Amino acid sequence: MENIKAEQVVGYLKAIHQETQRKMVVIMDRWNGHRKAARLLSEEGVDWLRVEWLPAYAPELNPVELLWGHTKYADLANYIPEDILAMRQSVINSIRTAGQKADLLLAFVRHTQLNLE
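With that out of the way, let us pick up the pairing of strand β1 (residues 24–28). In β1, alternate side chains face the same way, and those of Met24, Val26 and Met28 are buried while those of Val25 and Ile27 on the opposite face are not. The sheet contact formed by β1 and strand β2 (residues 49–53) spans five bridges and is parallel. Considered in β2, the bridge of isoleucine 27 is made with glutamate 52. In this region the chain leaves β1, passes through helix α2 (residues 32–44) and returns to the parallel neighbour β2; the handedness of that crossover is right-handed.

Given below as structure tokens:
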């Protein structure tokens, strides 16, 4: 498995925008790939994207941390995989299932109490 690159982030955001045709507010942490993606989009002059940055270290403000916590402590609590491949697939399934539950994802964002208006 390899790390996601900034160009892939850009492509993903463009695909979402093409599908929705709406302006977006994206919350990013300060990972180098996210910073580079934001810079690339800014250089292209996109007017449909606003990036809000999380503080340098603030896991309590990062909805992704809540998703990981849900995966670890709810879906996979007491789970003992047969091997690393089974563990990988279980994590992927948990995240996919959570991703299909808009109310759960929205709860993760609301829990951070970030002002996104």
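Two numbers describe how helix α1 (residues 6–20) lies on α2: the axes approach to 8 Å, and their chain directions differ by 55°. The angle between α1 and α2 places the two elements in the oblique class. As α1 runs across α2, the sense of the crossing is right-handed. In this structure, α1 contributes Ala6, Glu7, Val9, Val10, Leu13 and Lys14 to the contact, and α2 contributes Gly33, His34, Lys36, Ala37, Leu40, Leu41 and Glu44. Classifying every residue of the contact of α1 with α2 gives seven nonpolar, two polar and four charged.

A pair of packed helices is captured by two measures, namely the crossing angle of their axes and the spacing between those axes. Following both chains from N to C, one finds helix α3 (residues 63–75) and helix α5 (residues 102–111) inclined at 125°, their axes separated by 8 Å at the closest point. Between α3 and α5, the interaxial angle falls into the category oblique. Read as a crossing pair, α3 and α5 show a hand that is right-handed. Counted together, Pro63, Leu66, Leu67 and His70 of α3 and Leu104, Phe108, Val109 and His111 of α5 form the full contact between these two elements. Of the residues belonging to the contact of α3 with α5, the class tally is six nonpolar, two polar and no charged.

So, on to the nonpolar core. Where a protein is soluble and globular, its nonpolar side chains tend to be buried together. In terms of nonpolar packing, the biggest core is built from 11 residues, these being Ala6, Val9, Val10, Leu13, Met24, Val26, Met28, Ala37, Leu41, Trp48 and Leu49. Looking at this core, the elements with two or more residues in it are α1, β1 and α2. In this structure leucine 13 touches Met24, Val26, Met28, Leu41, Trp48 and Leu49, once residues within four positions along its chain are discounted.

The rules behind each value
Residues numbered from 1 in each chain as written. Predicted model: local features only at pLDDT ≥ 70, side-chain atom pairs only at ≥ 80, totals over all residues. Heavy atoms only, no water. Buried < 20%, exposed > 50% of the residue type's maximum accessible area, 1.4 Å probe, protein only. Helix = DSSP H or I, 4+ residues; strand = E, 2+ residues; numbered from the N terminus. Pairing = 2+ DSSP bridges. Right-handed = clockwise from strand over helix to strand, strands pointing away. Axes fitted to C-alpha atoms, helices over the stretch in contact; angles between N-to-C directions. Parallel < 35°, antiparallel > 145°, perpendicular 65-115°, else oblique. Left-handed = near helix turned anticlockwise from the far one by under 90°. Contact = heavy atoms within 4.5 Å. Nonpolar A, V, L, I, M, F, W, Y, C, P; charged D, E, K, R; others polar. Core = buried A, V, L, I, M, F, W, Y, C linked by side-chain atoms within 4.5 Å.

Any link to function would need more than the numbers given here.
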